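So the chains spell out like this:
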Amino acid sequence: MTRFGRRIAIGTTLALWCVIGPATESFALEKYGRPLPSLDDADKDTDAAEESLFAGYFLTAAFVHNPTFAARPDNTGLVGLRHMAHFETDLYKQYLTFYTDQNFFSDREKSWITLSEWDGTYAFTGVIDHFGWRLQYERDAPLDRSGLVQAYADGLVTAKFQAVQDLPAWRRWFPEQNLTAYAGGGWLFHNSSYFARPDNTGRALFRYVAHADLDLYKNKIVLYGDTNFFTDRENSNQLKPSELDWIVGLALRWQDMELAVYREQDQPLDRAGLVQKYVAVQLRYSFDVSKQDLGLGKKKTTSP
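Residues numbered from 1 in each chain as written. Predicted model: local features only at pLDDT ≥ 70, side-chain atom pairs only at ≥ 80, totals over all residues. Heavy atoms only, no water.

Some remarks on the overall build of the protein
Across its full length, the protein carries 4 helices and 12 strands. Classification of the 304 residues of the protein by burial places 46% in the buried group. When the accessible area of the protein is evaluated, it comes to approximately 15,300 Å², of which 61% is carbon and sulfur surface. (Helix = DSSP H or I, 4+ residues; strand = E, 2+ residues; numbered from the N terminus. Buried < 20%, exposed > 50% of the residue type's maximum accessible area, 1.4 Å probe, protein only. Areas by Shrake-Rupley, 256 points an atom, 1.4 Å probe, with all protein chains shown as cover.)

Have a look at this one:
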């Protein structure tokens, strides 16, 4: 097979896997809340990355097709717009990072502008070789009225694969592409009110996650897929998944900007019930403030 043929084959295979897989009983391809492909380039200078002071992104998304995705934790309304701010800072290189995500939603049935829900996430995370860990607290609350608040704290461990680093022949086969994936499991060790299904039944106990980013061309065109499974602590079998949330998206990037189209579906697995789904168009702007930008980094010196 020619080099071009191999590129087309792997791209087509992964695309079919992302689109068809989540609908099957074998469970395909995480949803931390609503996941996104990494903005980092696989060839990014690690020394320069360690000099970063803080980084993040802002995004706005329009739910252009939304038959069932609710605008509040009590499953009322339908989301119209989503706004999000993500901030992160390395406390000790890549081993210990703090981040926060602040998600806001509007209810298209009431007002596309007025905010109806606020989801706040606060977490410590880190990477050691091919393994990642996270301790996170999330609280989802209505903004325009009193009502149900969902909150939990969890821990998560994942293993990561990156083709350009872990598969020596990858660069020779696909010089302009990359494949990054991770998978793992987590435990909601504190759960006052976070449900195990989209219809707000049960209480989540464990989660199983998997994510894949296929860089189709120089980190400028990225196809991504993500799944998140929950189990119900009120079930006799607490390991059996009770909910599957999956996302498939395509992102186009130019410098610090990204335009993406993606579809999400949250569905019960162990019984019939509410399925929440939507299609969204999203614009994201990323930023990275380095120590050098603020005059705090090490100055380069030249030999006499």
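Focus on the pairing of strand β1 (residues 52–65)
Judged from the 11 bridges that link them, β1 and strand β12 (residues 276–290) form a sheet pairing that is antiparallel. When the sheet's bridge partners are listed, S52 is paired in β12 with S290. (Pairing = 2+ DSSP bridges.)

Examining the nonpolar core
With 14 residues, the main nonpolar core has F63, V79, Y224, Y262 and Y278 as its most contacted residues. Among the secondary structure elements, those contributing two or more residues to this core are β1, β9 (221–232), β10 (241–254), β11 (257–268) and β12. Counting 7 residues, the second-largest nonpolar core is a separate cluster that includes A163, V164, L179 and L214. (Core = buried A, V, L, I, M, F, W, Y, C linked by side-chain atoms within 4.5 Å.)

So, the pairing of strand β2 (residues 79–92)
Regular strands place side chains that alternate from one sheet face to the opposite one. When β1 meets β2, the two strands line up antiparallel, connected through 8 bridges. The partner of T60 across the bridge, within β2, is H83. Here β2 pairs with strand β3 (residues 96–107) via 11 bridges, running antiparallel. Among the inter-strand pairings, V79 is bridged to a residue of β3, identified as D107.

Focus on the packing of aromatic side chains
If you walk through the whole model with that rule in mind, you get 16 aromatic pairs. An angle of 25° between the planes, with centres 4.0 Å apart, marks the rings of F63 and Y278 as stacked. One end of the pair, F63, is in strand β1; the other, Y278, is in strand β12, and 215 residues separate them in sequence. Given a relative accessible area of 0%, F63 falls into the buried group. Owing to a relative accessible area of 1%, Y278 belongs among the buried residues under this scheme. Considering the side-chain rings of F104 and W118, the 5.9 Å spacing of their centres and the 15° angle between planes classify their relative orientation as stacked. (Phe/Tyr/Trp six-rings, centres within 6.5 Å; stacked < 30°, edge-to-face > 60°.)

Regarding the sheet that holds strand β7 (residues 178–191)
A barrel is described by the order of its strands in space; here 12 strands give the closed sequence β1-β2-β3-β4-β5-β6-β7-β8-β9-β10-β11-β12, paired in antiparallel fashion. Averaged over all neighbouring strand pairs, the angle between strand axes comes to 20°, with direction disregarded. (Axes fitted to C-alpha atoms, helices over the stretch in contact; angles between N-to-C directions.)

Examining the environment of K291
Within the secondary structure, K291 is located in the segment after β12. For K291, a relative accessible area of 28% gives the class partly exposed. Sequence separation between K291 and S52 is 239 residues, and the spatial gap between their C-alpha atoms is 5.9 Å.

Structural notes on the pattern of salt bridges
As enumerated under the stated definition, the model contains 10 salt bridges in all. In this structure, the salt-bridge partner of R72 is D107, at a minimum N-O distance of 3.0 Å. In this pair, R72 is assigned in the loop between β1 and β2 and D107 in strand β3, connecting sequence segments 35 residues apart. Judged by relative accessible area, which is 3%, R72 ranks as buried. Residue D154 pairs with R207 through a salt bridge whose shortest N-O separation is 3.0 Å. Taken together, the residues span a long stretch of sequence, with D154 in strand β6 (residues 150–162) and R207 in strand β8 (residues 204–217) at a distance of 53 residues. Linked by salt bridges that have partners in common, R72, D107, K110 and D144 make up one network. (Salt bridge = Lys/Arg side-chain N within 4 Å of Asp/Glu carboxyl O.)

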